[in-house]
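Residue-level structural notes
The primary structure of each chain is shown beneath.
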Amino acid sequence: MAERITRDAVAHVARLARLELTDDDLDMFTDQLAKVLGHAADVESLDVADVPPTSHPYPLRNVLRPDVIGPTLDRAEVLAAAPEVEDNRFKVPPILGDAP
Amino acid sequence: MAMRALDIAAGVRSGELSARHVLDDHLATIDGREREIHAFNSVLTDRARDAADDIDRRVAAGEDPGPLAGVPIALKDNLCTRGVDTTCSSRILEGWRPPYDATVVQHLAASGAVIIGKTNLDEFAMGSSTENSAFGPTRNPRDLSRVPGGSSGGSAAAVAAGFASLALGSDTGGSIRQPAALCGVVGVKPTYGLVSRYGLVAFASSLDQIGPFAATVGDAAALLEVIAGHDPLDSTSIPEHVAPISPHLDDGVAGLRVGVVRELLGEGIAPDVAARTREAADALAGAGARVDEATVPAAVYGLSAYYLIAPAEASSNLARFDGVRYGLRIDAPTTTEMMIATRTQGFGAEVKRRIMLGTYALSAGYYDAYYGKAQRVRTLICRDFAGAYERFDVLLAPTSPTTAFPLGDKTADPLTMYLNDVCTIPSNLSGDPAMSVPFGSGDDGLPVGVQVLAPALAEPTMFRVAAALESLAPV
């Protein structure tokens, strides 16, 4: 099993998850994640190299539906829930020029 | 305790009871105690009155509104209701009104049930005490200084307090069964795929399942029969039908093979809870069941596997909350900064903790050691259950390691809180059904729940055993 999670690793996953952490948050989460991951280390003794992984309780089958248009969500109702809308589209701030 | 749902439905269908009167009685009960319990995020008084009046009109016109006619039901606030606030007890969805109904909500409407309100939960169903709600904790109706359990604590409390005869919750690692046990009501996690997840805000998609809360086993069976069924809108919905449950509730347990899970009665289980579980097994033996010790060795690794798999799935599912299409947006100069600000302000600490845990477990360099290994352990748990079910028709275990604990007792240390789920998690990993039935009290006088576990689609047998326990439980 991997080594204890570091403060830098927590800062890294926070960036990946689009979360901003204060220094206090970082200390707290580092400690708490280390504890949970430490508990999870109890599976270390298990030899599961030859055991296949289970991603899902039942074998998933591909599901196809008839190629027929059914009921769809009402556009006005969907857009009414959006923070900002323009010309029937979701509007966001500029996407270029940033790289936090 | 409220009237039984089945008695209400029978009375309303025959015209002896008015759905409106039943509803107003429940609203009066809510008026009396909701301030101290906080089971609801919203009570839908006007909407429910319209629905109840409509039921009464249809009965008067000679129609049958359905098997749950006029029964007030509370919905966990992570089930989508068209045009009605669905918050997941999170700031990030505060004020959001879904443009569609969850499939279970459509089934309820077709059954004549009356939705009385949306119940409080741990934010995005992540927690075991309902203390992680952005809108404040729910308290246990049996003792206001104690938690109701979680994450469906509001639904469990609503049924226990008589605010609603029935409720729906969702169970990803025990979030129906554990609060049911702590509040002294019946709670059911059905076979994975039996109940459509369409319109349930996703936490961990391979584990989430919607299920009933009720004051009695019979009421819970009636509700499960209404919400179960294949749904083309959920690609994990299974095509199999569940066999009828209600007609067999009184068939008894004579000859049934009942296994008491050794691994779930050991370290960490309070002596009074362990004693009630053994007494439940003895009671079933007295009623003619063949009771023996069962072993599910990998069950002890369930917690570790779960707290890698569930956060991994959550980190992916919760990526959709980005301030673009619905819910909270915190303005910022660029889209990336807007997403970061929105998620940072919108999510509570437990949700952030699980998103980061999951992101870490899935990240390059750690995937095999954490997520990959957890999935292999999940296979071991499935195999061990399958082995146990070759020898036994059902298994018996505690639902929660302790009775309801005081508010604030476990909030400082997430791992201590997670340990509440040790007995319930294995069934989510295997996808098999399990339910909690009240069986006596702990040394503190608070309710104890005993868990009945069964193989996939064996709900009829599971409910038979639960009904037997209900009739054998100490008063």
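Note that this is a predicted model, so its numbers are computed, not measured.

1. Digging into unusual backbone geometry
- Of note, the bond from B:Gly150 into B:Ser151 is cis; its omega dihedral lies within 30 degrees of zero at 10 degrees.
- Look at A:Asn88: it is not a glycine, yet its phi comes out positive at around 65 degrees.
- Residue A:Asn88 is classed as exposed on the basis of its C-beta count, with 9 C-beta atoms lying within 10 Å.
- Even without a glycine there, the phi angle at B:Cys88 is positive, about 55 degrees.
- By the secondary structure assignment, B:Cys88 is in the loop between strand 2 (72-76) and helix 4 (103-111).
- Take B:Cys88: there are 29 C-beta atoms within 10 Å of it, and that puts it in the buried class.

2. A few points about the environment of B:Gly32
All names here are of chain B.
- Checked against the element boundaries, Gly 32 lands in helix 2 (residues 19-37).
- The partly exposed category is assigned to Gly 32, around which 13 C-beta atoms lie within 10 Å.
- Between the alpha carbons of Gly 32 and Gly 174 there is a distance of 30 Å; along the sequence they are 142 residues apart.

3. A closer look at the pairing of strand 4 (residues 166-170) of chain B
All names here are of chain B.
- Counted residue by residue, strand 4 has five buried out of five residues, so it is predominantly covered.
- Both faces of strand 4 are covered, namely the face carrying Leu 166, Leu 168 and Ser 170 and the face carrying Ala 167 and Gly 169.
- Pairing of strand 2 with strand 4 involves three bridges; the strand directions are parallel. Its bridge partner being in strand 4, Ile 73 is matched across the sheet by Leu 166.
- Relative to strand 6 (residues 210-214), strand 4 runs antiparallel, the two being bridged by five bridges. Residue pairing across strands places Gly 169 opposite Gly 211, the latter belonging to strand 6.

4. Notes on the packing of helix 2 (residues 23-40) of chain A against helix 9 (residues 302-317) of chain B
- As a packed pair, helix 2 of chain A and helix 9 of chain B sit with axes 8 Å apart at the nearest point and diverge in direction by 130 degrees. Considering their axes alone, helix 2 of chain A and helix 9 of chain B lie oblique with respect to each other. In this structure, the crossing between helix 2 of chain A and helix 9 of chain B has a hand that is left-handed. Here A:Val36, A:His39 and A:Ala40 of helix 2 of chain A come into contact with helix 9 of chain B, specifically with B:Ser304, B:Tyr307 and B:Leu308.

5. Here's the deal with the confidence of the model for chain B
- Taken as a whole, chain B shows an average pLDDT of 97; of its residues, 100% reach a score of 70 or greater.
- Across the assembled chains, the prediction reports ipTM 0.93 with pTM 0.97.

6. Some points on the pairing of strand 6 of chain B
Residues and elements named next belong to chain B.
- Judged by how many residues are buried, strand 6 sits mostly within the fold: five of five residues are covered.
- Where strand 5 (residues 186-189) and strand 6 come together, two bridges link them in antiparallel fashion. Note that in strand 6 the partner of Gly 187 across the bridge is Phe 213.

7. Things to note about the sheet that holds strand 4 of chain B
All names here are of chain B.
- Strand order in this open sheet of eleven strands is 1-3-2-4-6-5-10-11-9-7-8, and the pairing throughout is mixed. Of all strands in the sheet, those bounded by a partner on one side alone are strand 1 (40-43) and strand 8 (290-294). Each neighbouring strand pair of the sheet contributes to a mean axis angle of 25 degrees, computed without reference to strand direction.
- Relative to strand 9 (residues 394-398), strand 7 (residues 257-261) runs parallel, the two being bridged by three bridges. Each residue of the ladder has a partner; that of Gly 259, found in strand 9, is Leu 395.
- Running over the sheet, helix 3 (residues 45-60) touches strand 1 and strand 3 (114-119) and is turned about 160 degrees from strand 3.
- Contacting strand 7, strand 8, strand 9, strand 10 (434-441) and strand 11 (447-453), helix 8 (residues 271-286) crosses the sheet at an angle of about 150 degrees to strand 9.

8. A closer look at the nonpolar core
- Within the largest apolar cluster, 183 residues are counted, with the highest numbers of intra-cluster contacts made by B:Ile73 and B:Val114.
- Excluding anything up to four places from it in sequence, B:Ile73 contacts B:Leu108, B:Ala113, B:Val114, B:Ile115, B:Ile116, B:Ala164, B:Leu166, B:Ala167 and B:Leu168.

9. Topic: helix 9 of chain B
- Spanning 16 residues, helix 9 of chain B covers 22 Å between terminal C-alpha atoms, matching the ideal 22 Å at 1.5 Å per step.
- With 14 of its 16 residues buried, helix 9 of chain B lies for the most part within the structure.

10. Observations regarding the interface of chain A and chain B
- Opposite the 49 residues of chain A that make contact, chain B presents 56 residues.
- Breaking the side of chain A that touches chain B down by element, the ones donating at least two residues are helix 1 (7-16), helix 2 and helix 3 (75-80) of chain A.
- Residue classes in the side of chain A that touches chain B are distributed as 35 nonpolar, six polar and eight charged.

11. A short note on the environment of A:Glu84
All names here are of chain A.
- In this structure, Glu 84 sits in the loop between helix 3 and strand 1 (85-86).
- Accessibility expressed as a C-beta count within 10 Å gives 15 for Glu 84, which makes it partly exposed.
- A sequence separation of eleven residues divides Glu 84 from Ile 95, and the C-alpha atoms of the two residues are 15 Å apart.

12. Some words on the packing of helix 2 of chain A against helix 11 (residues 349-362) of chain B
- Closest axis-to-axis distance for the helix 2 of chain A/helix 11 of chain B pair is 11 Å, and the angle between their directions is 60 degrees. On the basis of their axis angle, the class for helix 2 of chain A and helix 11 of chain B is oblique. For the element pair helix 2 of chain A and helix 11 of chain B, the recorded crossing hand is right-handed. Along its contact with helix 2 of chain A, which presents A:Phe29, A:Gln32, A:Leu33 and A:Val36, the element helix 11 of chain B presents B:Arg353, B:Met356, B:Leu357 and B:Tyr360.
- Among the residues forming the contact of helix 2 of chain A with helix 11 of chain B, the class breakdown is six nonpolar, one polar and one charged.

What counts as what
Residues numbered from 1 in each chain as written. Chains lettered and ligands numbered in written order. Predicted model: local features only at pLDDT ≥ 70, side-chain atom pairs only at ≥ 80, totals over all residues. Buried ≥ 20, exposed ≤ 12 C-beta atoms within 10 Å, placed from the backbone. Helix = DSSP H or I, 4+ residues; strand = E, 2+ residues; numbered from the N terminus. Pairing = 2+ DSSP bridges. Axes fitted to C-alpha atoms, helices over the stretch in contact; angles between N-to-C directions. Parallel < 35°, antiparallel > 145°, perpendicular 65-115°, else oblique. Left-handed = near helix turned anticlockwise from the far one by under 90°. Contact = placed C-beta atoms within 7 Å. pLDDT = per-residue confidence, 0-100. Core = buried A, V, L, I, M, F, W, Y, C linked by C-beta atoms within 7 Å. Expected span 1.5 Å × (residues − 1). Nonpolar A, V, L, I, M, F, W, Y, C, P; charged D, E, K, R; others polar.

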